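# Observations on chain architecture
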Amino acid sequence: MRKMMIAGNWKMHNDNAQAQQLANQIKIKTTAETNVEIVVCPTFTALSVVNDILKGSHVILGAQNMFWEAQGAYTGEISASMLKSCGVRYVILGHSERRQYFGETDETVNKRLRAVLENGLKAIVCVGETLEEREAGRAREVIDRQINGAFAGIDAAAFSAIVVAYEPVWAIGTGKTASPEQAQEIHAHLRQRIEERYGADTASALRILYGGSVKPANARELLSQPDLDGALVGGACLKAETFVPIIQTAGELSA
Ligand code: PGA
């Protein structure tokens, strides 16, 4: 049985005071949600203050990116040990905004993933097609390329530290959600591909999150799909009033 995960990607939002307030609200309002793994991913600058609030609680700290080198002359970058020293346990990799605006490629996602795993951290690896690719009937092909690239040289044992997030680019921040059927179709495809490469046990244990305009109003029908194991939430995670109900829905479906 896969434990549902609800992860909040704060993106470039919240100064430290706002981050502390939001983290505190999430922590307090979700104490009953023991069936759901809850992750919040603030900006790098807010990691330490959020960690102070979450320490010892059930809410897990994540980061939005990480560089693959251990240290050195890489102005503006952040290493695994730096993240670990802030209490980080999960790192989002290959988010479409990183791919679109900051030159992330399948190859650099793979380098980051190797560094995450070598350092005992866990990864949320994002994949997803653009609208143009979907309309051209290439969604599966694009996702296959992204997972082949991201998981090059990664063995089955590593998957205990990997979560995949399917985030169709056309659904991120647009208010357009993939229909439950569209999401389920790609999730089942992803699981099938993992099974072909890594075997049935790895595939059936792998959590595949959906991301793209998830909100309280659509969480239930999305998370009811058999291959959806949680959500990576952007806009709706910035307020406890919209993030907590998504967590509660996941909890109800897991009960
Ligand atoms: P959204 O973002 O929920 O605002 O669409 C999701 C994401 O980018 O992870």
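The present account deals with the structure reproduced in this document. Everything numeric in this text was worked out from a predicted model, so none of it was measured. (Residues numbered from 1 in each chain as written. Predicted model: local features only at pLDDT ≥ 70, side-chain atom pairs only at ≥ 80, totals over all residues. Heavy atoms only, no water.)

## What to know about the environment of Leu 117
- Along the chain, Leu 117 falls in helix α5 (residues 106-118).
- Placed 130 residues apart in sequence, Leu 117 and Ile 247 show a C-alpha to C-alpha distance of 27 Å.
- Apart from the residues within four sequence positions on either side, Leu 117 is in contact with Ile 154, Ala 158, Ala 161 and Ile 162. (Helix = DSSP H or I, 4+ residues; strand = E, 2+ residues; numbered from the N terminus. Contact = heavy atoms within 4.5 Å.)

## Side note on the nonpolar core
- By size, the foremost hydrophobic cluster in this structure holds 72 residues, and its most contacted members are Ile 6, Val 50 and Phe 151.
- In terms of residues, this core owes the most to one element, helix α11 (residues 240-254), which gives 6 residues.
- Not counting chain neighbours up to four residues away, the residues in contact with Val 50 comprise Trp 10, Ala 19, Ala 23, Val 40, Pro 42 and Leu 61. (Core = buried A, V, L, I, M, F, W, Y, C linked by side-chain atoms within 4.5 Å. Buried < 20%, exposed > 50% of the residue type's maximum accessible area, 1.4 Å probe, protein only.)

## Here we look at the side chain of Gln 146
- In this structure, Gln 146 sits in helix α7 (residues 139-150).
- Exposure remark for Gln 146: the relative accessible area of 4% places this residue in the buried category.
- Not counting the four nearest positions on each side in its chain, Gln 146 is found in contact with Arg 99, Asp 106, Val 127 and Gly 128.

## Some remarks on the sheet that holds strand β2 (residues 36-41)
- Spatial strand order, β1-β2-β3-β4-β5-β6-β7-β8: 8 strands in a closed barrel with parallel pairing. Taking each pair of neighbouring strands and ignoring which way they run, the sheet shows an average axis angle of 25°.
- Note that strand β6 (residues 162-166) and strand β7 (residues 207-211) share 4 bridges and pair parallel. Following the sheet pairing, Ala 165 is matched in β7 by Leu 209.
- With respect to the sheet, helix α8 (residues 180-198) is in contact with β5 (122-127), β6 and β7, its orientation differing from that of β7 by roughly 150°. (Pairing = 2+ DSSP bridges. Axes fitted to C-alpha atoms, helices over the stretch in contact; angles between N-to-C directions.)

## Observations concerning unusual backbone geometry
- Here the phi dihedral of Lys 11 falls at roughly 50°; this positive angle occurs in a residue that is not glycine.
- In this fold, Lys 11 is placed in the loop between β1 (4-9) and α1 (16-29).

## Structural notes on the pattern of salt bridges
- For the structure on display, the rule yields 15 salt bridges.
- For Asp 229, the salt bridge goes to Arg 2, with nearest N and O atoms at 2.8 Å. In this pair, Asp 229 sits in the loop between α10 (216-223) and β8 (230-233) while Arg 2 sits in the segment before β1, placing the two residues 227 residues apart along the sequence.
- For Arg 2, a relative accessible area of 23% translates into the label partly exposed.
- With a closest N to O distance of 2.8 Å, Arg 145 and Asp 106 form a salt bridge. Taken together, the residues Arg 145 in helix α7 and Asp 106 in helix α5 connect sequence positions 39 residues apart.
- Note on Asp 106: relative accessible area 13%, which makes it buried.
- Each of the salt bridges in this network shares a partner with another, and the network as a whole consists of Arg 2, Arg 191, Asp 227 and Asp 229. (Salt bridge = Lys/Arg side-chain N within 4 Å of Asp/Glu carboxyl O.)

## Description of the site of the ligand
- Lining the immediate surroundings of the ligand are 13 residues, of which Lys 11, His 95, Glu 167, Gly 173 and Ser 213 lie closest.
- Within the contact set of the ligand, an oxygen atom lies 2.6 Å away from a backbone nitrogen or oxygen of Gly 173.
- At a separation of 2.7 Å, an oxygen atom of the ligand approaches a polar backbone atom of Ser 213.
- Contact with the protein chains covers 95% of the free accessible surface of the ligand, which is 280 Å².
- A per-class count over the shell around the ligand returns 4 nonpolar, 7 polar and 2 charged. (Near = heavy atom within 4 Å. Polar contact = N/O pair within 3.5 Å; in protein donor to acceptor, adjacent residues only side chain to side chain. Areas by Shrake-Rupley, 256 points an atom, 1.4 Å probe, with all protein chains shown as cover. Nonpolar A, V, L, I, M, F, W, Y, C, P; charged D, E, K, R; others polar.)

## Describing the packing of α5 against α7
- Between α5 and α7, the least distance of the axes is 7 Å, while the angle of their chain directions is 40°. One way to sum up the angle between α5 and α7 is to call them oblique. The element α5 and its partner α7 pack so that their crossing is right-handed. Counting all contacts with α5, which are made through Asp 106, Val 109, Asn 110 and Leu 113, the residues of α7 involved are Arg 145, Gln 146, Gly 149 and Ala 150.
- Of the residues in the contact of α5 with α7, the class split is 3 nonpolar, 3 polar and 2 charged. (Parallel < 35°, antiparallel > 145°, perpendicular 65-115°, else oblique. Left-handed = near helix turned anticlockwise from the far one by under 90°.)

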